[in-house]
Amino acid sequence: MNIIEAPVATPEAKIAIVIARFNNFINDSLLQGAVDALKRIGQVKDENITVVWVPGAYELPLAARRLTNKKKYDAVIALGTVIRGGTAHFEFVAGEASSGIASVAMNSDIPVSFGVLTTENIEQAIERAGTKAGNKGAEAALTALEMINVLKAINA
Ligand code: INI
């Protein structure tokens, strides 16, 4: 039996984070969690992390696609927060963000991870941004790094 699995540390990786400004009071914590995980667990160098801000989660896929097309990064991490909270916009923004990022991921050769919170209310978002339900930004960062190494191992 052949089993392929890979570690998380990627000391030479170049990582792009694309992050929405909308709900930035939550997204700032996702970013902090992602950068901490990249550096402290993934051993990624500070100078190899690029952060790109876009207006909202709806804009994440286009920027993520541009970043993957640059062929300069080993992975892209998309961060944002869409809160239902009474906005009719929710389904459209959350839907486009998730299907758009999935489409970018499937059409690129590098990992594109989905660190976008889609929650019913602000409390749920806070819980997932570094309090009792972990930090979705850190999770997305570690997923991206593990996938870099998994893809490398599949190719080896
Ligand atoms: N953008 C978000 O990132 N989160 C939201 O919760 C949100 N809501 O609720 O509207 C949101 N809207 C803005 C959207 O992402 C676009 O920036 C805007 O529609 C312009 O394209």
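Now for a quick tour of the structure. Small disclaimer: the values here were computed from a predicted structure and weren't measured.

Scoring rules and cut-offs
- Residues numbered from 1 in each chain as written.
- Predicted model: local features only at pLDDT ≥ 70, side-chain atom pairs only at ≥ 80, totals over all residues.
- Heavy atoms only, no water.
- Near = heavy atom within 4 Å.
- Polar contact = N/O pair within 3.5 Å; in protein donor to acceptor, adjacent residues only side chain to side chain.
- Areas by Shrake-Rupley, 256 points an atom, 1.4 Å probe, with all protein chains shown as cover.
- Nonpolar A, V, L, I, M, F, W, Y, C, P; charged D, E, K, R; others polar.
- Helix = DSSP H or I, 4+ residues; strand = E, 2+ residues; numbered from the N terminus.
- Buried < 20%, exposed > 50% of the residue type's maximum accessible area, 1.4 Å probe, protein only.
- Pairing = 2+ DSSP bridges.
- Right-handed = clockwise from strand over helix to strand, strands pointing away.
- Core = buried A, V, L, I, M, F, W, Y, C linked by side-chain atoms within 4.5 Å.
- Salt bridge = Lys/Arg side-chain N within 4 Å of Asp/Glu carboxyl O.
- Axes fitted to C-alpha atoms, helices over the stretch in contact; angles between N-to-C directions.
- Contact = heavy atoms within 4.5 Å.

Let us look at the site of the ligand. With respect to spatial proximity, the complete set of residues near the ligand consists of Phe22, Asn23, Gly56, Ala57, Tyr58, Glu59, Thr81, Val82, Ile83, Thr87, His89 and Val93. The contact in question runs from an oxygen atom of the ligand to an N or O atom on the side chain of glutamate 59, over 2.5 Å. In the environment of the ligand, an oxygen atom lies 3.2 Å from a nitrogen or oxygen atom belonging to the backbone of isoleucine 83. In isolation the ligand exposes 470 Å². Once the protein is present, 79% of that is buried. Here the residues of the shell around the ligand are counted per class, giving six nonpolar, five polar and one charged.

One non-glycine residue with positive phi stands out, namely asparagine 23, at about 60°. Within the secondary structure, asparagine 23 sits in the loop between strand S1 (15-20) and helix H1 (24-41). Judged by relative accessible area, which is 17%, asparagine 23 ranks as buried.

For the rest of this paragraph, the subject is the pairing of strand S2 (residues 49-54). One ladder, built from six bridges, connects S1 with S2; its direction is parallel. For isoleucine 17, the partnering residue across the bridge sits in S2 and is valine 51. Handedness of the crossover joining S1 and S2 through H1 is recorded here as right-handed.

So, on to the nonpolar core. Formed by 25 residues in total, the largest nonpolar core has its most connected members in Ile15, Ile17, Leu38, Ile77 and Leu79. Listed by contribution, the elements that provide at least two residues to this core are S1, H1, strand S3 (75-83) and helix H5 (136-155). Counting 22 residues, the second-largest nonpolar core is a separate cluster that includes Leu67, Ala78, Val93 and Val116.

A separate point is the pattern of salt bridges. For the coordinates displayed, the defined rule picks out eight salt bridges. The closest approach of N and O atoms between aspartate 36 and arginine 40, which form a salt bridge, is 2.8 Å. Separated by four residues within a single helix, aspartate 36 and arginine 40 lie in helix H1, roughly one turn from each other. The partner of lysine 132 in a salt bridge is glutamate 127, with the nearest N and O atoms 3.7 Å apart.

What the four strands build is an open sheet, ordered S2-S1-S3-S4; its pairing is parallel. In this open sheet, the two edge strands, each paired with only one partner strand, are S2 and strand S4 (112-119). The sheet shows a mean angle of 15° between the axes of neighbouring strands, direction not considered. Bridge analysis of S1 against S3 gives five bridges, and the strand direction is parallel. Bridging across to S3, alanine 16 finds its partner in valine 76. Together, S1, S3 and S4 form the strand contacts of H5, whose direction differs from that of S4 by roughly 160°.

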